[in-house]
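Now for the letters of each chain:
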Amino acid sequence: MCDLRRPAAGGMMDLAYVCEWEKWSKSTHCPSVPLACAWSCRNLIAFTMDLRSDDQDLTRMIHILDTEHPWDLHSIPSEHREAITCLEWDQSGSRLLSADADGQIKCWSMADHLANSWESSVGSLVEGDPIVALSWLHNGVKLALHVEKSGASSFGEKFSRVKFSPSLTLFGGKPMEGWIAVTVSGLVTVSLLKPSGQVLTSTESLCRLRGRVALADIAFTGGGNIVVATADGSSASPVQFYKVCVSVVSEKCRIDTEILPSLFMRCTTDLNRKDKFPAITHLKFLARDMSEQVLLCASSQTSSIVECWSLRKEGLPVNNIFQQISPVVGDKQPTILKWRILSATNDLDRVSAVALPKLPISLTNTDLKVASDTQFYPGLGLALAFHDGSVHVVHRLSLQTMAVFYSSAAPRPVDEPAIKRPRTAGPAVHFKAMQLSWTSLALVGIDNQGKLSVLRLSPSMGHPLEVGLALRHLLFLLEYCMVTGYDWWDILLHVQPSMVQSLVEKLHEEYTRQTAALQQVLSTRILAMKASLCKLSPCTVTRVCDYHTKLFLIAISSTLKSLLRPHFLNTPDKSPGDRLTEICAKITDVDIDKVMINLKTEEFVLDMNTLQALQQLLQWVGDFVLYLLASLPNQVRSPLPIPTILKRCPTSEPSPPRSFYKKPFLGHTFSAHS
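Residues numbered from 1 in each chain as written. Predicted model: local features only at pLDDT ≥ 70, side-chain atom pairs only at ≥ 80, totals over all residues. Heavy atoms only, no water.

Description of a nonpolar patch on the surface
Counted only if it meets this: Note on patches: the residues involved have over 30% relative accessible area and no salt bridge, like charges join within 9 Å, and the nonpolar side chains Val, Leu, Ile, Met, Phe, Trp and Tyr join within 5 Å. All accessibility values rest on the Shrake-Rupley procedure with a 1.4 Å probe; residue burial counts only the protein chains present in the view. When a carboxyl oxygen of Asp or Glu lies within 4 Å of a side-chain nitrogen of Lys or Arg, that pair is called a salt bridge. Secondary structure is summarised from DSSP: a helix means a run of H or I of at least four residues, a strand means a run of E of at least two, and numbering begins at the N terminus for each. Partly exposed describes any residue whose relative accessible area lies between the buried limit of under 20% and the exposed limit of over 50%, with all areas from a 1.4 Å probe on protein chains only and scaled to the type maximum.
Nonpolar side chains collect at one region of the surface, where Val625, Leu626, Leu629 and Leu632 lie side by side and expose about 380 Å² of accessible area between them. Structurally, leucine 629 can be placed in helix 14 (residues 615-631). For leucine 629, a relative accessible area of 52% gives the class exposed.

Structure follows, in structure tokens:
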């Protein structure tokens, strides 16, 4: 059962829908302990659930949910022997890593680009050693959002490429794919995927004195190194940091580790709170590509405290005697790296889950001031879920509350101390796992009863915004999704019907400002984006079929052009299909023989087997062109109803309800189904 609710306009955080599957018997389906959840850039959510058979055996299940069609759930029997502890999507959103408490890691990939067809062909194993942290290696791609330049004409000014080195590169600088994991015994394991399909795996201790690792997280530096943060679960113990370098030597994976400065939580150094929060329950870097800032949460049975720390370079004082002996030292003061606390909360209710933003908003003071001046709030907050069922969005540096959501209980004052809140007789329904979408405009949470809830987060975070400014922010995020190829469903949650016409017009205007080469790359994405926007308003819904029809025809054109190959490899830049298009645009003669004189006929000769495979498609294209030509005289009196044309051939409207590419990109969806 999926309870869909229309979001109320103007709310800071409200419920979009709740998924509760009635066909799942509570005696056979139970939430995993621990519960793992991951949200991909294609707005696919992966989460775990265990299936108990009649003889009490557990089957570890991974469920894939499309946020746009939450009623259509696909379940994967993972074949993990122990509880799944980690799930991690790759940067493209088409592959998924799963790790369990027995040290087994599996890499799942889509079959034929379908979200309901998954296969696992590669993996790694650290036998008997539970995995506590997991991540894909960084591919070196990092964008920066320049909110202050949202009015610029070029996408290159709004979204710039940041210099960032991959974790490991192949010959020619191509990033090497693979993953890194941390185990509970203090081991770090790295698996590299070679182009040949071979997997190189290596395991190394984080330090010479291995200890228990209860919590861990992984981040990356701009120089290509990896930083691992670990904690043994006790707030009295230090939080340790390690630098990990990965290389390939003699066709073998090599791991080098180095100890970095550690820290003690501030609450343990306060005599009044020394024993109040005995356990560290959450350890997270604020961003995967930002190893200098970390979030820590210490808890007791009933309450928690959250601290934000930053790694900074500080000058090391030098005695005057050494300055006189070596004047160079006096000119350039030596520095050391040291952790400094940025902010801390008061006593809170017990934190049950943490979700961090993925939008690449820089956290320097200058960038934060720009975001404040432009009133652009997405990406500035992180989400905290509490055992009382509430969810708070707090600023990820100052930890000040920005928005609050209460699941069932009546709203309470935000500053009400946790100690004054009445306790319920039984455990309240609360989120055990949470994830923010890639634009930070939606939040998914899975509670302790196995229900999945999707919340929408207002871009204004409750601040009053002018309509024009709100439209500019939504347009900026739509452009970001267009450039990156990310799915934009979570942005559509905040588009009101009255905004659709303006957004479509402004989006087209910004698109036409780009270079011809970039327009060609983004041509199908903007059509798909316009189609999804027009669905939201009754005034523009009639255009949806036109956009999809154009996408369909572009896909057919791309498929047919891709079959034509140059006769010689050292040909000009233009392909045979492009040259044919150019010649047809210049020559108005209807004699086909005169047109073919200007072409190399050998480039248009295809293999007979290929022609037979495309016979039905070519027949449909021919019928379609003849119908268009026959209908030209009628165009003067009434426009040609394009949907009527498509009804002639039912197979011309492929409807893959579970296709991974919900919105077509570059025609891959249709050409695959053709």
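Moving on, there is more to tell.
A closer look at the packing of helix 10 (residues 543-562) against helix 14
Rules: Angles shown run from 0 to 180 degrees and are taken between the N-to-C directions of axes, each axis being a line fitted to C-alpha atoms and, for helices, limited to the stretch in contact. Roughly parallel means an angle under 35 degrees; roughly antiparallel, over 145; roughly perpendicular, 65 to 115; everything else is oblique. Should the near helix be turned anticlockwise from the far one by less than a right angle, the crossing is left-handed, and should it be turned clockwise, the crossing is right-handed. Contacts are residue-level and defined by heavy atoms, with any inter-residue pair within 4.5 Å sufficient. Residue classes follow a fixed rule: Ala, Val, Leu, Ile, Met, Phe, Trp, Tyr, Cys and Pro count as nonpolar, while Asp, Glu, Lys and Arg count as charged, and any other residue, Gly among them, counts as polar.
Helix 14 packs onto helix 10 with a crossing angle of 125° between their chain directions and a minimal axis gap of 12 Å. With respect to helix 14, the axis of helix 10 lies oblique. Helix 14 is crossed by helix 10, and the crossing has left-handed handedness. Packed against helix 10, whose contacting residues are Phe552, Leu553, Ile556 and Leu560, the element helix 14 presents Leu617, Leu618, Trp620, Val621 and Phe624 at the interface. Among the residues making up the contact of helix 10 with helix 14, the classes are represented as 9 nonpolar, no polar and no charged.

Side note on the sheet that holds strand 11 (residues 114-125)
Spelled out, the test is: Only strands joined by at least two bridges in the DSSP assignment are considered to pair.
In space, the 4 strands of this open sheet follow the order 8-9-10-11, with antiparallel pairing throughout. In this open sheet, the two edge strands, each paired with only one partner strand, are strand 8 (84-89) and strand 11. Averaged over all adjacent pairs, the angle separating strand axes in this sheet is 25°, with direction ignored. By the bridge criterion, 5 bridges tie strand 8 to strand 9 (residues 95-100) in an arrangement that is antiparallel. Within strand 9, the residue paired with tryptophan 89 across the bridge is leucine 96.

Focus on the UniProt feature "repeat: WD" (unreviewed entry) in the protein
What counts here: UniProt positions are given in the numbering used here, feature names are shortened, and annotations may be inferred rather than shown by experiment.
UniProt records the feature "repeat: WD" (unreviewed entry) at residues 77-110, using the numbering of this structure. As annotated, residues 77-110 has a helix share of 0% and a strand share of 59%, and its two end C-alpha atoms lie 15 Å apart.

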